[in-house]
Amino acid sequence: MTLGLLAALVLVLAIGGFILGRQRALSSAKGDLRKLHSLPGYYGQTVALFTAVPAFVLMAVWLFAQPALIETRVAKLLPGEEHLDLVMTDVRKIAEGLDLIVAQGYLSNKAISDMRADLSDIRSRMGDVGIALGSNVKPTVFEAAKSYRSLNHMGRIGMTVAVLAVALAGFASAFLRIQPEFRARNVSESFVKVLLIAASLVAIATTVGIVLSLVFETVHFFKIYPAADFFLSLTWNPQFGGGSDLGIWPLIWGTLYVSLIALAVAVPIGLFAAIYLAEYASKKLRAIAKPLLEILAGIPTIVYGLFALITVGPMLRDYFAQPLGLGTSSSSVMTAGLVMGIMIIPFVSSLSDDIINAVPQSLRDGSYGLGATQSETVKQVILPAALPGIVGAILLAASRAIGETMIVVLGAGAAAKLSMNPFEAMTTVTVKIVSQLTGDTEFASPETLVAFALGLTLFVFTLILNIVALVIVRKYREQYE
Amino acid sequence: MTLADMSHHRPSLYTQDARTKARNAAEKRFRIYGITAVTLGVLALIVLLTSVLGSGLGSFRQTMMTLPVTLDAAVLDKKGNRNPDEMAKATTITYGKVLAQALEAVVAEKGLAPEGMKAKEIGSLISKEAPAALRDMVLANPDLIGTTIEFNVLANGRIDGFFKGRVTMESAALDSNVSPAQLELAQALRDAGMLRLAFNWAFITNPDASELRPESAGLGVAILGSAYMMLIVLALALPIGVAASIYLEEFAPQNRFTDLIEVNIANLAAVPSIVFGILGLAVFINYAGLPQSSPLVGGLVLTLMTLPTIIIATRAALKAVPPSIKDAALGVGASKMQTIFHHLLPLALPGILTGTIIGLAQALGETAPLLLIGMVAFVKEYPAAPPEGFLDPAAALPVQVYNFTQRSDPAFIERASGAIIVLLVFLLAMNILAVLLRRRFERRW
Amino acid sequence: MNDMRLTERTVNANDIKIAARKVQVFYGTTHAIKDVDVDILDKTVTAFIGPSGCGKSTFLRCINRMNDTIDICRVEGDILLDGEDIYNKKVDPVQLRARVGMVFQKPNPFPKSIYDNVAYGPKIHGQVKNKAELDEVVEASLRKAALWNEVKDRLDAPGTGLSGGQQQRLCIARAVATSPEVLLMDEPCSALDPIATAQVEELIDELRENFSVVIVTHSMQQAARVSQRTAFFHLGNLVEFGETGQIFTNPRDPRTESYITGRIG
């Protein structure tokens, strides 16, 4: 039974439960609504919730847990395999191929369980259904694939039975409890509240998922590549054949250099724009300019990337780098930094504008009352008062710049270098995450897994920046509330 | 000097002393810095948009030729029984020859060919994608065999580039894919009214095309893939986001756990998008075994990214409903849940929807995480209709832009910019919708 | 303290410091101040009283052109400071405000140290040559504001950390530091408790020796306690202006009498 069908079945049960539960409540009260504790709809709702929710939860948990359970069991069938990950990939592929063979009617399930890798040419059979295998199949691997396949089938059948059983049990238990005194509203409301809590836990689950997946694969990476080399080496030079240098410093340097240029562009422009719009601009100008600047934040980063690639890069190369003899590359730290700077202007200006506006008018009055000019008031009273908030805004912008991907992918280049020349192509952490994870290398190789270590570094870096910024901004808000 | 001294003998108010003049000059400078900053920001926006529009508008017009093509049964249906299965044996190479001959005939008839031009050179004015289009058309309608039809043929990308100024006689002289003579012929064909630039619907509807056929590359699969992902994001992020907001805003006790959730949400909103891509790769693809490049995985990743935006907007909308309304409902004996679902939520709905649309717009433009879950793959097949289609490989609009930029033919830069125009049109439409919603339903208490 | 202390009042025949003639103020289309004529004397405390919204604060803010910071506000008529029209085009409000200081309703110390709060005015106007002079001005100003003894050991502490009454006296010290000729006070005690109010009132009486003080107040008792001359505003009109004793004991206009006896307000 497909997942869609199973889900539809559970839903039908739930809807039926709603109708039947409502009717049963009405008939148990003999049509006199006042005898019921709750409105009849709540009885129906209770039955529907008890039918659908536990069943769907079970389904989700099962779908999530089954692959891990089956893989550990199958892995036990393959003792002494050196590259278990690679072998497991083959196992999955073969199992998929067997499914296809059955689906296309070449062989029956029975025939497949009798099939043996040392007797028939598995590789060419797999090729017939479009599954390409790198080498001939070892008998142990083939047996593992067969058991993987049958375990998966059993799992699917088990899930179908269990989900339907839970749905029916929920239906029955709720349905049978219906009588006029049953506090259906309270029960269903408590149930809904549990659902609300579960929804708010999704945020936690996401973070946990991010941290687990990053940490898990990073540990994996450090098992096959020494952590000391990763953190201390000054060379980044991945090789297809192994023996790569995967030192993070050239990437960190590129990231920081690009971000620094971006901030050097965005902070003065953003800050002055915020000051002008908050303190000087007429209402009309403000109503036009503020949204225009905010559009910059709404434009997808791929657009900035293309802008860097086709406009800014060639322009910088033709008018600055080449005449000055600084390089001939159109992708460069300067290109990416400049374009990224434009992108984060609104992050600085919008938040600073809010923060400047939050400075109480009484402070401005106090300063004007003493005969300060507007710029003196801004520089000596408003900015110092708003400083923590502005620092928070800049930190958030910095975190944005460090984590930005598309602009640097298209604008900064791919060469990992430790150079001071801003017109040279350099690369960043995010660029390398993309290139290592979208390449053709085997997943379990250090060249691929390094992306997770890079991702973890990036995550920790931005997390610290974000938290510091959030704390500062929050403290600042409290000060004037 | 004492205070008493200073209060004596003030200069007249009518004369500005030197210091005041200097201070006023500083004031003026400061103002100029401010206006310069605002101007620079707005200017950057204008340059950005004009640069993309300028290089992308060309992709909405495409060079086409209309040729009379004779579909000879002896060539295309050797058995003569009009059976599509049998006819399928005639490959695109055969159809290519048919088209080339049709063009050569026209050129010969009007005597347009420059001296000494070979037949092969004339034929290669036609896009390599055109034979397949003709073949599909004939196989779908075998009765066309034996007739002569007026067929619209795509011109080769270089010819198209010539009429859009991308290819010149000088560049053609150095180009192995096109010769100046071919360009002359193209010009002659255009002068003869056989060749024209027409609106390029195919750019919106066609699937992607290979490296050598920029002229037929389109956004169909990408638009469909993006639409599927937006459906998934809407279906998941809206209910989960609203539910989470209701809990946090109305039920959550003030304790460390609630704090943890709140910090979490604030932080998730600022986590680099590529990290969500890594999450998607590790959890949805490697662990849960969902298919790569599928809109389902893309949609799930984008859902997680969009949730914080929706939660933040929904909480603000719920907060904006005055407590008096809640008190009124509670006062007539409604339960807390009833109060929320009957009164608070409907009143907060415009704000929630506005936030959702803005979240969706963000998700629509997101590229980096989709690269990691395999949406960079070259996909030429349209995904099936949902729900099965959610598991088929598909592209996404912003990733399609990236894909185009990774190809060497400069014609793809035009396509990339064109794709961005389409993307921006969608975003603009969504944002206008959000603004209208806010205007139409906004309440002030 | 006697609430209606009207004795021992010495109204000297001081010079006219500020002369207002036919002053009109408009907020957009609202006519907020109508035809006000007032002479404010040097070294005197003048109180503006009247019900809320009568225009007394608006008029006060005209005297150092604080209304310039409000876009929709328009002032007509003449206000002369020592015979010079402060709304003349040649007058720079920045220079004017150095001579006409202001203290606001809510204490608004800057988020800086106590020292920097007081030093702010002299610094921006360039009234001191060096640090020693500045120290001197800060100390003198804090003494004038009767705050020196309370804060002399913690001049580097933030001004926002002081109590409400201290903050308001700090603001007075800050205003006094530029050695203005006129000190405008917009309900300076409305945010203070009774003890702090008494301290500030005492201070106002002392400030009279050096400055011409104009105080807007809601409290008739306060006007009676601190001022020598009182102006009663009602609905944007200056209804009556005269010596405080006369206004409170023998008002000429029936509206003044109604207000003082609590029938309007």
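Residues numbered from 1 in each chain as written. Chains lettered and ligands numbered in written order. Predicted model: local features only at pLDDT ≥ 70, side-chain atom pairs only at ≥ 80, totals over all residues.

Per an unreviewed UniProt entry, chain B carries the name Phosphate transport system permease protein PstA and comes from Rhodobacter aestuarii.

The name recorded for chain A in an unreviewed UniProt entry is Phosphate transport system permease protein, from Rhodobacter aestuarii. The Sequence similarities (unreviewed entry) field of the UniProt record for chain A holds the comment "Belongs to the binding-protein-dependent transport system permease family. CysTW subfamily." Looking at chain A in UniProt, the text filed under Function (unreviewed entry) is "Part of the binding-protein-dependent transport system for phosphate; probably responsible for the translocation of the substrate across the membrane." (UniProt positions renumbered as here; feature names shortened; annotations may be inferred.)

Attention now goes to the overall build of chain A. Looking only at helices and strands, chain A has 17 helices and two strands in total. The principal-axis extent of the C-alpha atoms belonging to chain A is close to 85 × 75 × 35 Å. Expressed as a percentage of the 481 residues in chain A, the buried residues total 47%. Here the analysis covers contacts within chain A between residues at least 6 apart in sequence; of these, 76% occur between residues at least 24 apart. (Helix = DSSP H or I, 4+ residues; strand = E, 2+ residues; numbered from the N terminus. Buried ≥ 20, exposed ≤ 12 C-beta atoms within 10 Å, placed from the backbone. Contact = placed C-beta atoms within 7 Å.)

Across its full length, chain B holds 20 helices and three strands. Expected size for 445 residues packed as a compact globule is a radius of gyration near 22 Å; at 32 Å, chain B overshoots this value by more than 25%. Out of the 445 residues belonging to chain B, those deemed buried represent 44%. For chain B, the share of sequence-separated contacts (at least 6 apart) that also reach a separation of at least 24 residues comes to 78%. (Rg over C-alpha atoms; globule rule 2.2 N^0.38 Å.)

Moving on, we get to the interface of chain A and chain B. In this assembly, 70 residues from chain A lie in contact with 69 residues from chain B. At 19 residues, helix α7 (residues 184–224) of chain A tops the list of elements feeding residues into the side of chain A that touches chain B. Here the residues of the side of chain A that touches chain B are counted per class, giving 46 nonpolar, 20 polar and four charged. (Nonpolar A, V, L, I, M, F, W, Y, C, P; charged D, E, K, R; others polar.)

Domain assignment breaks chain A into domain 1 (3–207) and domain 2 (237–479). Placing the centre of domain 1 of chain A and that of domain 2 of chain A at their C-alpha centroids yields a distance of 45 Å. (Domains from an automatic or database assignment.)

To continue, consider the sheet that holds strand β1 (residues 61–70) of chain B. Within a sheet, adjacent strands bond to each other through the backbone by hydrogen bonds, running parallel or antiparallel. All names here are of chain B. On the basis of which strands lie adjacent, the open sheet formed by three strands has the order β2-β1-β3 and antiparallel pairing. If you trace the sheet from one side to the other, it starts and ends with β2 (148–154) and β3 (195–199), each paired once. Across this sheet, the average inter-strand angle for adjacent strands is 40 degrees, counted without regard to direction. Both β1 and β3 contribute to a ladder of five bridges, which runs antiparallel. What sits directly across from T63, in β3, is L197. (Pairing = 2+ DSSP bridges. Axes fitted to C-alpha atoms, helices over the stretch in contact; angles between N-to-C directions.)

Moving on, we get to the confidence of the model for chain B. Residue and element names in this part refer to chain B. Confidence in the prediction of chain B, expressed as mean pLDDT, is 87, and 97% of residues score 70 or more. Mean pLDDT values over the elements of chain B span from 44, in helix α1 (residues 3–6), up to 94, in helix α12 (residues 220–251). Within the model, pLDDT remains below 50 along residues 1–8, and this stretch shows nine contacts once partners closer than five positions in the same chain are excluded. Predicted as a complex, the structure gets a pTM of 0.86 and an ipTM equal to 0.90. (pLDDT = per-residue confidence, 0-100.)

A separate point is helix α5 (residues 92–110) of chain B. All names here are of chain B. The terminal C-alpha atoms of α5, which comprises 19 residues, lie 27 Å apart, in line with the 27 Å expected from a rise of 1.5 Å per residue. Here α5 has its buried residues at Y95, V98, L99, A102, L103 and V107. Axial view of α5: buried residues confined to an arc of 165 degrees, hence all on one face. Within α5, the exposed residues directed more than 90 degrees away from the buried face are I93 and A108. Looking at the packing, one finds that the buried side of α5 touches β1, α3 (73–76), α6 (119–123), α7 (130–140), β2 and α10 (180–191). Note on α5: the residue one or two positions beyond its end, G111, has a positive phi of about 60 degrees. (Expected span 1.5 Å × (residues − 1). Arc of directions from axis to C-beta.)

Taken domain by domain, chain B consists of domain 1 (61–199) and domain 2 (220–441). Placing the centre of domain 1 of chain B and that of domain 2 of chain B at their C-alpha centroids yields a distance of 45 Å.

What follows deals with the UniProt feature "domain: ABC transmembrane type-1" (unreviewed entry) in chain B. Those residues carrying the UniProt feature "domain: ABC transmembrane type-1" (unreviewed entry) are residues 223–434 of chain B in this numbering. As annotated, residues 223–434 of chain B comprises 75% helix and 0% strand, and the C-alpha atoms at either end are separated by 21 Å.

When the parts of a complex come together, some accessible area is lost, and that lost area is often taken as the interface size. Facing the 18 residues of chain C at the interface are 13 residues of chain B. Ranked by residue count, the leading element in the side of chain C that touches chain B is helix α2 (residues 93–99) of chain C, at four residues. Of the residues in the side of chain C that touches chain B, the class split is six nonpolar, six polar and six charged.

Attention now goes to the UniProt feature "transmembrane region" (unreviewed entry) in chain B. All names here are of chain B. Listed under "transmembrane region" (unreviewed entry) in the UniProt record, and renumbered for this structure, are residues 32–57, 221–248, 268–290, 296–318, 344–365 and 416–437. Structurally, residues 32–57 is divided into 96% helix and 0% strand, and its ends, taken at the C-alpha atoms, are 36 Å apart. Within residues 221–248, the helical portion is 100% and the strand portion 0%, while the C-alpha atoms at the span's ends are 39 Å from each other.

Here we take up the packing of helix α3 (residues 114–124) of chain C against helix α6 (residues 164–176) of chain C. Helix packing for two helices is described by the angle between their axes and how far apart those axes are. All names here are of chain C. For the pair α3 and α6, the least separation of the axes is 7 Å and the interaxial angle reads 35 degrees. Of the two possible hands of crossing, α3 and α6 adopt the one that is right-handed. Between α3 and α6, the contacting residues are I114, N117, V118, Y120 and G121 on the first element and L170, A173 and R174 on the second. Classifying every residue of the contact of α3 with α6 gives five nonpolar, two polar and one charged. (Left-handed = near helix turned anticlockwise from the far one by under 90°.)

All names here are of chain C. Of the pairings in the sheet, the one linking strand β1 (residues 16–27) to strand β2 (residues 30–41) comprises eight bridges and is antiparallel in character. Looking across to β2, one finds that I16 is bridged to L41. Between β1 and β2, which pair antiparallel one after the other, the connecting turn spans two residues, and G28 there sits at a positive phi close to 60 degrees.

Residues and elements named next belong to chain A. Sites flagged by UniProt as "transmembrane region" (unreviewed entry) map to residues 43–65, 157–178, 190–212, 256–280, 292–312, 332–351, 381–402 and 449–473. Span residues 190–212 is 100% helix and 0% strand, its end C-alpha atoms 32 Å apart. Annotated as residues 256–280, this span is 100% helix and 0% strand, and its ends, taken at the C-alpha atoms, are 34 Å apart.

On to unusual backbone geometry. Residues and elements named next belong to chain C. Backbone geometry places K22, a non-glycine residue, at a positive phi of 50 degrees. Mapped onto the secondary structure, K22 falls in strand β1. Judged by local crowding, K22 falls into the exposed class, with 11 C-beta atoms found within 10 Å. The residue E187 is not glycine, and still its phi comes out positive at about 45 degrees. Here E187 shows up in the loop between β7 (182–186) and α7 (194–207). Judged by C-beta crowding, with 21 C-beta atoms within 10 Å, E187 ranks as buried.

What follows is about the packing of helix α2 (residues 40–76) of chain A against helix α6 (residues 139–176) of chain A. Residue and element names in this part refer to chain A. Axis separation between α2 and α6 bottoms out at 8 Å; the angle between their running directions is 165 degrees. In this view, α2 runs roughly antiparallel relative to α6, as classed from their interaxial angle. Once α2 is placed against α6, the crossing between them reads as right-handed. (Parallel < 35°, antiparallel > 145°, perpendicular 65-115°, else oblique.)

Turning to the environment of D318 of chain A, a few remarks are in order. Summarising the element assignment, D318 of chain A is placed in helix α11 (residues 301–321). It is 8.4 Å that separates the C-alpha atoms of D318 of chain A and S330 of chain A, two residues lying twelve residues apart in sequence.

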